[in-house]
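# Remarks on the overall topology
Spelled out from the first residue to the last, the chains are:
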Amino acid sequence: MIRADNITFKPPMCMVDQNRERNEEVDSLLDALTEFFSQRNVVFLADLTVSNNEWVKCDGGKKRKDFTFPLNSLVKLEVYSDKLIFSLLDGCVHELVIGKDFFWFFEWEPAYYD
């Protein structure tokens, strides 16, 4: 948690293809990102996890293929009908094809739940 008068996060650049097909899950992610980057005075950190609920075999079983990163490292988000492109502060760019089982969630820092 970061606490200071008038502190806010700089929101990432967000480019949304206006001709994209609407997707409720993607729209809810955009709303949640707007809310996250609108925090003022007391800012709680969170990680974003996005997934298509795809599983890969690994030693001793299966593991869901997710992409997780700290939200405060997001500098640009591109939204298309079929994919999301996340650009991070460290220069990493991750492209996620939006599958039929696409979902996302925030993992907030522990102080958020107090």
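As a starting point, this report considers the structure included with it. (Residues numbered from 1 in each chain as written. Predicted model: local features only at pLDDT ≥ 70, side-chain atom pairs only at ≥ 80, totals over all residues. Heavy atoms only, no water.)

### Some words on the side chain of S51
Counting through the fold element by element, S51 comes out in strand β4 (residues 46–58). Classification of S51 as buried rests on a relative accessible area of 0%. Side chain to side chain, S51 and D66 meet in a polar contact 2.8 Å long. (Helix = DSSP H or I, 4+ residues; strand = E, 2+ residues; numbered from the N terminus. Buried < 20%, exposed > 50% of the residue type's maximum accessible area, 1.4 Å probe, protein only. Polar contact = N/O pair within 3.5 Å; in protein donor to acceptor, adjacent residues only side chain to side chain.)

### Focus on the side chain of R20
Among the secondary structure elements, R20 is positioned in the loop between β2 (13–16) and α1 (24–36). A distance of 2.6 Å separates the side chain of R20 from the side chain of D27, its partner in a polar contact. Leaving out residues up to four positions away in the same chain, R20 has contacts with V26, D27, L30, V79, Y80 and S81. (Contact = heavy atoms within 4.5 Å.)

### Some remarks on the sheet that holds strand β9 (residues 103–108)
Taken together, the 3 strands give an open sheet; going across it, the order is β5-β4-β9, and neighbouring strands pair in antiparallel fashion. Either end of the sheet is taken by a strand with one partner, and the two such strands are β5 (61–70) and β9. Adjacent strand axes in the sheet meet at a mean angle of 40 degrees, parallel and antiparallel pairs treated alike. Relative to β9, β4 runs antiparallel, the two being bridged by 6 bridges. Paired with T49 across the bridge in β9 is F105. Each of β4 and β9 touches α1; the most contacted strand, β9, lies at about 25 degrees to it. (Pairing = 2+ DSSP bridges. Axes fitted to C-alpha atoms, helices over the stretch in contact; angles between N-to-C directions.)

### Regarding the sheet that holds β2
Spatial strand order, β2-β6-β7-β8: 4 strands in an open sheet with mixed pairing. Sheet topology places β2 and β8 (93–97) at the edges, where each strand pairs with a single neighbour. Geometrically, the sheet is characterised by an average inter-axis angle of 10 degrees between neighbouring strands, direction not taken into account. Where strand β6 (residues 74–79) lies against strand β7 (residues 83–88), 5 bridges are found, and the strand directions are antiparallel. Across the sheet, the residue bridging to V79 is L84, located in β7. Along the sheet face, α1 touches β2, β6 and β7 and points at about 155 degrees away from the line of β6.

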